[in-house]
Amino acid sequence: MPRVTVSQNELSQIAARLASTADDVRSQLDRVLMDVRRLEAEWIGGRTAPLIDALTTADRSRTELLAALDALRSYLVSARAAYEKNEASSTRSFGLRPASEIPSRSLIDLLGLPAIVSADDIERRWRRQRTDDVVPVGVGEDQQEVGIDLSTAPSVVIGGTTGSGKTELLRNLVAALALSFPPDYIALVLVDFKGGGAFGDLADLPHTAGVVSALDIGYTRRWLAQLEAILSRRQAGESVPQHLVVVIDEFAGLMDEDPRLVDALVHQIAQNGRSLGVHLVVSSQLGRAFPQELRASTNVRIGLRMLSREDSVDILGKPGAELLPARGEAFVADSSGVRRFRVAAPLEPDVARLIVTEAKIASDRRQSAAIRWPGPLPASVSVVDLAQGEPGAIPLGLVDLPRDLVQRVMQWRPRQDGHLLIWGPPASGKTTALQAIAEAATRAGFPTLPSADDPNEKVLRSRRISSEEDLNRLAREVRRRASSANQRPVIVLWDGLDEVQVDGNPLDRVLKAIRGPLSDGARLAVTSRRLTFGGEDLRHHFGVVIQLAPWQRTSDDLANPTPHPLVTARVPGRGLWDGNEVQVAHRPDIL
């Protein structure tokens, strides 16, 4: 007879069906609920199945309902008493083997390594002769090791309720992979969507190519773009390392961020993962959090303690995981069937640190550490820290190119690129960026207006340009400076283009100056709070356009409500250039 667990949800459904019955029935139901809470969802044997059936059948008579409730209450009380007296005897009496009878072993023991592992030990294991890519995850009821073979498992899904040990199992698996294979054979990408810290020191393993731990859709899309790039490269023939294992703690968090992108990724890995050597190892509380295509393509499923029979069926294809102890035990369903096993003991922090330290030493000897994917852009960058770049170019900041797996210095080549526009709302870092450009331009050998040695004014202020004559005077100064500029254009630093108060149509006057006298031997670097003036789009007149603080809505957005690409941080100087995320530099004395 199948076993069931009397869950709070099931009894709540029973209560709803009995809502119209007499008070004495409801009072008995309350006592049953109290007993179940005291049992804390421990093992309950198969004798409850007909009782639950009696309670959930609509056409039962009142007498039958009362009898079923009384029998269920009596059984639960006796089960609780037996449990409190002796856990082992109670679980045996219900036809279940106690958890304590399955031996607990450490991961280090399962790998055949000494308790205090060394780099020499790790190297020997890396060099061992092997016929498969199996790594142990626990011990079965037959005392044999239970493992996962990457050579036959494109994906692994792990289900379990909160506190059941999903994260500990993932940490053990990551450590087992690192101790079993060198970084030039297996690379790891560790993704934590539970708030960070899931993998701890293991994130520093030499096998680790990427770490994602921020609950932010900007980070998510960036990481997915990097992974998509890796898949494309491997499809094009790049196959080092041989295996890339993506480990995701709490897959539901990833699905919540951008389900369409995740579905596309899952589809690609489900179709080509095995041939590309790319594997997904994902965990979640609920089996239904995993896309159907992922479940269909997965031949290794692990179920720790699940909330309900349905969740167990979602993960394993059969009930049972809902009956497991609160933590430490699991079922694994693979090509050999469904087996119950005890998960390897959780990895202690000091052991994890030792593994990382010794694995780094072993990796250095082999010169085989994984190539790290670049992390998100820094929150700030000083102009003095930027490489100067090619002749005739001014470094502006850093640009993130996740699909190329690189970050580069963003450069402005004034003569070839034309004028530069930086636009965004107040407090987004426009003036700071313009001052940094003044510093960078001087370092690169460009003359600037105002002059770099002017102690009173670093940039032009629009409030000082209030007439046609002011514009003409500015043009004359540009020509004068350009005549001695050694063939390099004068960089005119103009803060607040949208605030110009020239008589008539201010933008029209300014644009004529840009196209005419200010283009003769000069390049403008200007800021603006707006992108459009009277229907005129400034982007048509500037070769380089940087948008700061794209997460803030502006009047231009209301007129042209297109979705913004997302960024990974909302800090001054963060923005977009040609669709890519950038961090514009600041002068060293500003921050």
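Note: the structure precedes this text.
Residues numbered from 1 in each chain as written. Predicted model: local features only at pLDDT ≥ 70, side-chain atom pairs only at ≥ 80, totals over all residues. Heavy atoms only, no water.

As for the nonpolar core
Just so we agree on the cut-off: Side-chain atoms within 4.5 Å link the members of a nonpolar core, which is a set of buried Ala, Val, Leu, Ile, Met, Phe, Trp, Tyr and Cys residues. Note on classification: 1.4 Å probe, protein chains only; a residue is buried when its accessible area is under 20% of the maximum for its type, exposed when over 50%, partly exposed between these limits. To qualify as a helix, a DSSP run of H or I must reach at least 4 residues; to qualify as a strand, a run of E must reach at least 2; elements of each kind are numbered from the N terminus. Here, residues are in contact when the closest pair of their heavy atoms is within 4.5 Å.
The biggest cluster of nonpolar side chains holds 51 residues, and the ones touching the most others in it are Leu-177 and Leu-205. Per-element accounting of this core gives the leading share, nine residues, to helix α8 (residues 166-180). If sequence neighbours within four positions are ignored, Leu-177 has contacts with Val-135, Leu-150, Ile-186, Leu-188 and Val-245.

Here we look at the sheet that holds strand β8 (residues 300-303)
Which entries qualify depends on this criterion: Here, any two strands with at least 2 DSSP bridges between them count as paired. The axes are straight lines fitted to the C-alpha atoms, using for helices just the contacting stretch, and the angles between their N-to-C directions are given from 0 to 180°.
Judged by pairing direction, the sheet is mixed, and its ten strands sit side by side in the order β2-β1-β10-β9-β8-β3-β7-β6-β4-β5 without closing on themselves. Only two strands of the sheet have a single partner each, and these edge strands are β2 (145-149) and β5 (208-212). Averaged over all adjacent pairs, the angle separating strand axes in this sheet is 25°, with direction ignored. Two elements, strand β4 (residues 186-192) and β5, share four bridges in a ladder whose sense is parallel.

A short note on α8
Convention followed: Working rule for helices: expected span equals 1.5 Å times residues minus one.
Helix length check: α8 (15 residues) gives 21 Å between terminal C-alpha atoms against 21 Å at 1.5 Å per residue, within 8%. Within α8, 14 of the 15 residues are buried, which leaves the element mostly enclosed by the surrounding structure.

Let's talk about the pairing of strand β17 (residues 522-528)
Counting buried residues in β17 gives seven out of seven residues, a clear majority hidden from the surface. Of the two faces of β17, both are covered, the one formed by Ala-522, Leu-524, Val-526 and Ser-528 as well as the one formed by Arg-523, Ala-525 and Thr-527. One ladder, built from four bridges, connects strand β13 (residues 420-423) with β17; its direction is parallel. Looking across to β17, one finds that Trp-423 is bridged to Ser-528. Judged from the five bridges that link them, strand β16 (residues 490-495) and β17 form a sheet pairing that is parallel. For Leu-493, the partnering residue across the bridge sits in β17 and is Ala-525.

Some remarks on the side chain of Thr-298
Mapped onto the fold, Thr-298 is located in the loop between α12 (292-297) and β8. The contact partners of Thr-298, leaving out residues within four places of it in the chain, are Ser-155, Val-156 and Val-157.

Section: the packing of aromatic side chains
We count it as follows: Pairing of aromatic side chains requires ring centres within 6.5 Å, counting the rings of Phe and Tyr and the six-membered ring of Trp. Pairs whose planes differ by under 30 degrees are stacked, by over 60 edge-to-face, and all others tilted. Distance and angle both matter: a charge sits over a ring if NZ of Lys or CZ of Arg is within 6 Å of the ring centre and within 35 degrees of the ring normal.
Applying the stated criterion across every chain yields a total of two aromatic pairs. Ring centres of Phe-181 and Tyr-185 lie 5.5 Å apart, and the angle between their planes is 35°; on these two criteria the pair is classed as tilted. You can call Phe-181 buried: its relative accessible area is 0%. Classification of Tyr-185 as buried rests on a relative accessible area of 13%. Judged by centre distance (5.9 Å) and plane angle (40°), the rings of Phe-251 and Phe-290 are tilted. Residue Phe-251 is located in helix α10 (residues 251-257), and its partner Phe-290 is located in the loop between β7 (278-284) and α12; the two are separated by 39 residues in the primary sequence. Both residues of the pair, Phe-251 and Phe-290, count as buried. Sitting over the face of the ring of Tyr-185, Arg-130 holds its NZ or CZ atom 4.6 Å from the ring centroid. The side chain of Arg-488 reaches across the aromatic face of Phe-446, ending 4.9 Å from its centre.

A few points about the packing of helix α7 (residues 119-126) against helix α14 (residues 349-366)
We count it as follows: In this scheme, roughly parallel covers angles under 35 degrees and roughly antiparallel covers those over 145, while 65 to 115 is roughly perpendicular and the rest are oblique. Put simply, a crossing is left-handed when the front helix is turned counterclockwise from the back one by less than a right angle, and right-handed when it is turned clockwise. In this classification, Asp, Glu, Lys and Arg are treated as charged, Ala, Val, Leu, Ile, Met, Phe, Trp, Tyr, Cys and Pro as nonpolar, and every other residue, Gly included, as polar.
The interhelical angle for the contact between α7 and α14, taken along N-to-C directions, is 60°, at an axis separation of 8 Å. On the basis of their axis angle, the class for α7 and α14 is oblique. Crossing geometry of α7 relative to α14 is assigned as right-handed. Residue-level inspection shows Ala-119, Asp-120, Ile-122, Glu-123 and Trp-126 of α7 in contact with α14, the latter providing Ile-355, Glu-358, Ala-359, Ile-361, Ala-362, Ser-363, Arg-365 and Arg-366. Residue classes in the contact of α7 with α14 are distributed as seven nonpolar, one polar and five charged.

As for unusual backbone geometry
For the bond from Leu-449 to Pro-450, the omega torsion is 0°, close enough to zero to count as cis. Among the secondary structure elements, Pro-450 is positioned in the loop between β14 (448-449) and β15 (460-461).

Notes on the environment of Ala-209
Locating Ala-209 in the fold gives a position in strand β5. Take Ala-209: its relative accessible area is 3%, and that puts it in the buried class. Expressed as a C-alpha distance, the spacing of Ala-209 and Leu-244, which sit 35 residues apart in the sequence, is 9.0 Å. Sequence-distant contacts of Ala-209, that is, excluding residues within four places in its chain, are made with Ala-187, Leu-188, Ala-370, Ile-371, Arg-372 and Trp-373.

Some words on the pattern of salt bridges
Basically, it comes down to this: A side-chain nitrogen of Lys or Arg and a carboxyl oxygen of Asp or Glu constitute a salt bridge if their distance falls within 4 Å.
Enumeration according to the criterion identifies 16 salt bridges in this entry. When the shortest N-O distance is used, the salt bridge between Arg-340 and Glu-141 registers 3.8 Å. Taken together, the residues Arg-340 in strand β10 (residues 337-343) and Glu-141 in the loop between β1 (134-140) and β2 connect sequence positions 199 residues apart. Accessibility expressed as a relative area gives 32% for Glu-141, which makes it partly exposed. Between Asp-537 and Arg-539 there is a salt bridge; the shortest N-O distance is 2.8 Å. Residues joined in a network through salt bridges with shared partners are Asp-120, Glu-123 and Arg-365.

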